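# Examination of the molecular architecture
Now for the letters of each chain:
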Protein chains: 2
Amino acid sequence: MPTIRDVSKLAGVSIATVSRVINNSGYVKQETEKTILHAMKVLKYEPDPIARSLAGKSTRMIALVVPDILNPFFPEIAKAVENEASRLGYTLILCNTDNSLEKEESYFRVFEQKRIDGVILASYTFDASQIKKWQRKMPIVVIDNRFPEHPTIVSIISHNRSGAHLAVNHLIEQGCQKIAHICGPMDVYSAKERYKGYEDICESQEWFTPDLVVQGNFQIKESYQATLQLMNRHQDVDGIFAGNDIMAVGALKGLLELNIGVPSEVKLVGFDGISIPLVVPELTTVSQPIGEMGALAMFRLVDLMNNRPLESNVQVLNVDLMIKDSSTTRASKEFMK
Amino acid sequence: MPTIRDVSKLAGVSIATVSRVINNSGYVKQETEKTILHAMKVLKYEPDPIARSLAGKSTRMIALVVPDILNPFFPEIAKAVENEASRLGYTLILCNTDNSLEKEESYFRVFEQKRIDGVILASYTFDASQIKKWQRKMPIVVIDNRFPEHPTIVSIISHNRSGAHLAVNHLIEQGCQKIAHICGPMDVYSAKERYKGYEDICESQEWFTPDLVVQGNFQIKESYQATLQLMNRHQDVDGIFAGNDIMAVGALKGLLELNIGVPSEVKLVGFDGISIPLVVPELTTVSQPIGEMGALAMFRLVDLMNNRPLESNVQVLNVDLMIKDSSTTRASKEFMK
DNA sequence: ATGAAAGCGCTAACAC
DNA sequence: GTGTTAGCGCTTTCAT
């Protein structure tokens, strides 16, 4: 592998000048620049990123921390982030935490040690003080979570509350007379907002009781079990709003188990809009712009890494109701039972 | 951040000696070692990985290249690889290629430049000669693919052909009288093996015709369309073996579209055994040990990186038939129609 | 068993 | 505009 020294020799200049054209910093005569560029081409020279990093430049590596890479939401985020990262010349490090605080902490220590330039963090376990602590050492952009009390934390999130309104109103329009909610962990901002959105609309209905809300923890299995319980308590539930798509899948499994038809007996709406249409029947869902969220996270991170000021620390994205088969009895299709 | 120099001063030795204990190479008196270890602890010293890399050591970074991170098979691989990698002190770089040869090539160039220690490659587009070319520069372990003509390529793969036997025999046992196959790209080893497995058993049946095999290309959409065509050509097909799970999902969608009951009218079996049970009804599938495959890939890569000889360049894993709802009419559950 | 010193390939003052 | 040089933090001969 040729080094900067080889280039400087071939071009008949000093390595400093070569360095200048590599970084195009400082002044360098058009002509010499040309000679150098040519020499670089001839030698197929590529600056060594490790040496650059050691000499004080950035590592051009960023990390993506996700709680559960098996939840299709996160591969979608990962795809978008990786795509933008590689386009911008960054290398993406993937970290899966299984919702473990310990792992998160240990990853951040590695990031510091390896001088990662920045991190995109999806976590439901890390709290504001820990984020702020690490933020002093490296730029961090949080996705799908938010800390309203801590305005210095940069985050990207969707309109969860109004998204929930869309979901519930849709169920009402479809004629549902008793709508339940399977919620995510209540200490997670997005889960709580979706819950609040449900509450906003349902609380005032005469059929409403608090135990129409059951805990699913953003997991298939928990949601499945919660659904069994729920339908046991309230046989007359005819609409379910699940706090995310995989919980909706859990609910679907539960309803199937109980021999309850979807959508004929119970109509179901999820949240997230994971793009790979894995579920049959296809799920009606409140779709977040997941790819956009990943890409924006990358852009904001780049802003931070370049000390560019942000217009605002929190960016809230619009959501969209995607009406599919699990909530509408159309075309005479019935899926279960 | 303290440096090796700080440690050497505090311990009253030269940096060379400190380096020796860091790498425990060369001789160093028990006593001095203790002093140094203590000094390191006091200063909370951690060797700078970048400096180490520059000075000629490895980067402790490995790359995982996948064709499509949205296919749940690959997040599962990624999870296992990342898990072992971080356990072993390696950092995992994620690369998504969208089956683009160009992207693959460009990633490998980056790997060389960044002195990645090794790569785990899942690709259906890279061919043997390209792998061998890059293999001269860095250790590579191929997963879910294999090049029988090129025994120097290290790969990990499942028993695809006998897995297909399991699938087809199961369908026959379930009473199927005409079994079709939705295959993956025929230039991909695993797809071809699964196809061969289907053929092994079906070719001799009196109902067999070559056009019972349709092309799905390992994608949902293509498989969906292939299924529509297939069922149009052969109304009497009552069993489908799909070359992977997401193609099985595509088939399910197609059958749904045509108002064909699963499993009552058509029984369906997939391949892969993606663990997240996203599909309702749950898919009968030939399950590969996906996590194990990822972990083994990491282990073999470590062997290669340490120049340890492998017992064999190709490792073939056992598969398992997971009987679920899409192929058995049990408990009076019927899912569609 | 330990230390001195020459790099690894690059950046960034500083000097001319 | 361009060159000289001192690092960045570590590894690794080569002496001793």
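Residues numbered from 1 in each chain as written. Chains lettered and ligands numbered in written order. Predicted model: local features only at pLDDT ≥ 70, side-chain atom pairs only at ≥ 80, totals over all residues. Heavy atoms only, no water.

As recorded by an unreviewed UniProt entry, chain A carries the name LacI family transcriptional regulator and is attributed to Paenibacillus anaericanus.

We now examine the overall build of chain A. Looking only at helices and strands, chain A features twelve helices and twelve strands. Whereas a compact globule of 337 residues would reach a radius of gyration of roughly 20 Å, chain A reaches 25 Å, over 25% beyond that. Across its three principal directions, the C-alpha atoms of chain A cover 85 × 45 × 30 Å. Across the 337 residues that make up chain A, the buried fraction comes to 56%. Long-range pairs, those at least 24 residues apart, make up 71% of the contacts in chain A with a sequence separation of at least 6. For chain A, the accessible area works out to roughly 14,200 Å², and carbon and sulfur atoms hold 50% of it. Across chain A, 36 positive and 40 negative side-chain charges occur, with their mean positions spaced 11 Å apart. (Helix = DSSP H or I, 4+ residues; strand = E, 2+ residues; numbered from the N terminus. Rg over C-alpha atoms; globule rule 2.2 N^0.38 Å. Buried < 20%, exposed > 50% of the residue type's maximum accessible area, 1.4 Å probe, protein only. Contact = heavy atoms within 4.5 Å. Areas by Shrake-Rupley, 256 points an atom, 1.4 Å probe, with all protein chains shown as cover. Lys, Arg positive; Asp, Glu negative; His and termini not counted. Charge placed at Lys NZ, Arg CZ, Asp CG, Glu CD.)

What tends to happen in soluble globular proteins is that the nonpolar side chains get buried as a cluster. Judged by nonpolar contacts, the single largest core of 159 residues is most densely connected at A:I62, A:Y198, A:I240, A:F241, B:I62, B:Y198 and B:I240. With near-sequence residues (within four places) excluded, A:I62 lies in contact with A:V81, A:A85, A:Y90, A:T91, A:L92, A:I93, A:I116, A:G118, A:M298, A:L301 and A:M305. If you look at the next biggest cluster of nonpolar residues, it comprises 40 residues, including A:C95, B:V65, B:F126 and B:A128. (Core = buried A, V, L, I, M, F, W, Y, C linked by side-chain atoms within 4.5 Å.)

All names here are of chain B. Counting buried residues in strand β9 (residues 267–272) gives six out of six residues, a clear majority hidden from the surface. Taking every second residue as pointing to the same face, both faces of β9 are buried, with K267, V269 and F271 on one and L268, G270 and D272 on the other. The sheet contact formed by strand β8 (residues 239–242) and β9 spans three bridges and is parallel. Bridging from a neighbouring strand, F241 pairs with V269 of β9. (Pairing = 2+ DSSP bridges.)

With that out of the way, let us pick up the UniProt feature "domain: HTH cro/C1-type" (unreviewed entry) in chain A. With numbering aligned to this structure, UniProt lists the feature "domain: HTH cro/C1-type" (unreviewed entry) at residues 3–50 of chain A. Helix makes up 67% of residues 3–50 of chain A and strand makes up 0%, while its end C-alpha atoms are separated by 12 Å. (UniProt positions renumbered as here; feature names shortened; annotations may be inferred.)

It is worth spelling out the sheet that holds β9(B) at this point. All names here are of chain B. Spatially, six strands are ordered β7-β6-β8-β9-β10-β12 in an open sheet, and the strand pairing comes out mixed. Across the chains shown, the open sheet's two edge strands, defined by having one partner strand only, are β7 (213–215) and β12 (320–322). Across the sheet, the axes of successive neighbouring strands diverge by a mean angle of 20°, strand direction being ignored. Across three bridges, strand β10 (residues 284–287) lies against β12 in antiparallel orientation. Across the sheet, T285 pairs through a bridge with M322, a residue of β12. The strands touched by helix α8 (residues 160–173) within the sheet are β6 (179–183), β8, β9, β10 and β12, with β9 carrying the most contacts at an inclination of about 165°. The strands touched by helix α10 (residues 220–233) are β6, β7 and β8; relative to β7, the strand with the most contacts, the crossing angle is about 145°. (Axes fitted to C-alpha atoms, helices over the stretch in contact; angles between N-to-C directions.)

Okay, the protein's contact with DNA strand C next. Contacts to DNA strand C come from 27 residues, most closely from A:I4, A:Y45, B:T17, B:R20 and B:K29. Atoms of DNA strand C within 4 Å of the protein: sugar and phosphate make up 63%, bases the balance. B:R20 is positioned such that a nitrogen or oxygen atom in its side chain is 2.4 Å from a base oxygen of DNA strand C. At 2.9 Å from a phosphate oxygen of DNA strand C is found a side-chain nitrogen or oxygen belonging to B:T32. The element contributing the most residues to the surface near DNA strand C is helix α2 (residues 15–22) of chain A, with four residues. Along the lines of polarity and charge, the residues of the surface near DNA strand C split into 13 nonpolar, seven polar and seven charged. (Near = heavy atom within 4 Å. Polar contact = N/O pair within 3.5 Å; in protein donor to acceptor, adjacent residues only side chain to side chain. Nonpolar A, V, L, I, M, F, W, Y, C, P; charged D, E, K, R; others polar.)

Turning our eyes to something else, we now look at the sheet that holds strand β10 (residues 284–287) of chain A. Residues and elements named next belong to chain A. Spatially, the six strands line up as an open sheet ordered β7-β6-β8-β9-β10-β12, and their pairing is mixed. A single partner strand is all that each edge strand has here, and the edge strands are β7 (213–215) and β12 (320–322). Taking the axes of each pair of neighbouring strands and ignoring which way they run, one obtains an average angle of 20° across the sheet. For strand β6 (residues 179–183) and strand β8 (residues 239–242), the ladder comprises four bridges, and the chain directions are parallel.

Now for the relation of the copies chain B and chain A. Applying a rotation about an axis and a shift along it to one chain copy brings it onto the other copy. Take chain B, turn it by 180°, move it 0.1 Å along the axis, and it overlays chain A with an RMSD of 0.1 Å. The superposition of one copy onto the other is thereby described by a two-fold rotation axis. (Least-squares fit on C-alpha atoms with pLDDT ≥ 70 in both.)

Another aspect to go through is the protein's contact with DNA strand D. Lining the immediate environment of DNA strand D, one finds 26 residues, of which A:T17, A:R20, A:K29, B:I4 and B:Y45 sit closest. A share of 61% of the atoms of DNA strand D within 4 Å of the protein falls on sugar and phosphate groups. Within the side chain of A:R20, an N or O atom sits 2.3 Å from a base oxygen of DNA strand D. Here a base nitrogen of DNA strand D and a backbone polar atom of B:A51 are 3.4 Å apart. Among the residues forming the surface near DNA strand D, the class breakdown is 13 nonpolar, seven polar and six charged.

What follows concerns the domain arrangement of chain A. Here the domain parsing of chain A yields domain 1 (4–47), domain 2 (61–158 + 290–318) and domain 3 (160–287 + 321–327). Between domain 1 of chain A and domain 2 of chain A, the C-alpha centre-to-centre distance is 36 Å. (Domains from an automatic or database assignment.)

With that out of the way, let us pick up the pattern of salt bridges. Counted according to the given criterion, the structure contains 34 salt bridges over all chains. Linking A:K196 and A:E193 is a salt bridge whose minimum nitrogen-to-oxygen distance equals 3.2 Å. With A:K196 and A:E193 both in helix α9 (residues 189–202) and three residues apart, this pair spans about one turn of that helix. Since its relative accessible area comes to 27%, A:K196 is described here as partly exposed. Here B:K324 and B:E282 are joined by a salt bridge, their closest N and O atoms 3.1 Å apart. You can see B:K324 sitting in the segment after β12 and its partner B:E282 sitting in the loop between β9 and β10, a full 42 residues away along the chain. The exposure class of B:K324 is partly exposed, given its relative accessible area of 27%. Each of A:K79, B:D98 and B:K103 takes part in one network of salt bridges that share partners. (Salt bridge = Lys/Arg side-chain N within 4 Å of Asp/Glu carboxyl O.)

Moving on, we get to the interface of chain B and chain A. Listed by partner, the interface residues are 56 residues for chain B and 56 residues for chain A. Note on chain B versus chain A: buried area summed over both sides is about 4,900 Å², and carbon and sulfur give 63% of it. Applying the counting criterion to the chain B and chain A interface returns six salt bridges. With its nearest N and O atoms 3.2 Å apart, the salt bridge here joins B:K79 to A:D98. (Buried area = accessible area lost by both parts, 1.4 Å probe.)

As a further point, take the UniProt feature "domain: HTH lacI-type" (unreviewed entry) in chain A. Taken from the UniProt record, the annotation "domain: HTH lacI-type" (unreviewed entry) applies to residues 2–56 of chain A. In residues 2–56 of chain A, the share of helix is 65% and the share of strand is 0%. The end C-alpha atoms are 21 Å apart.

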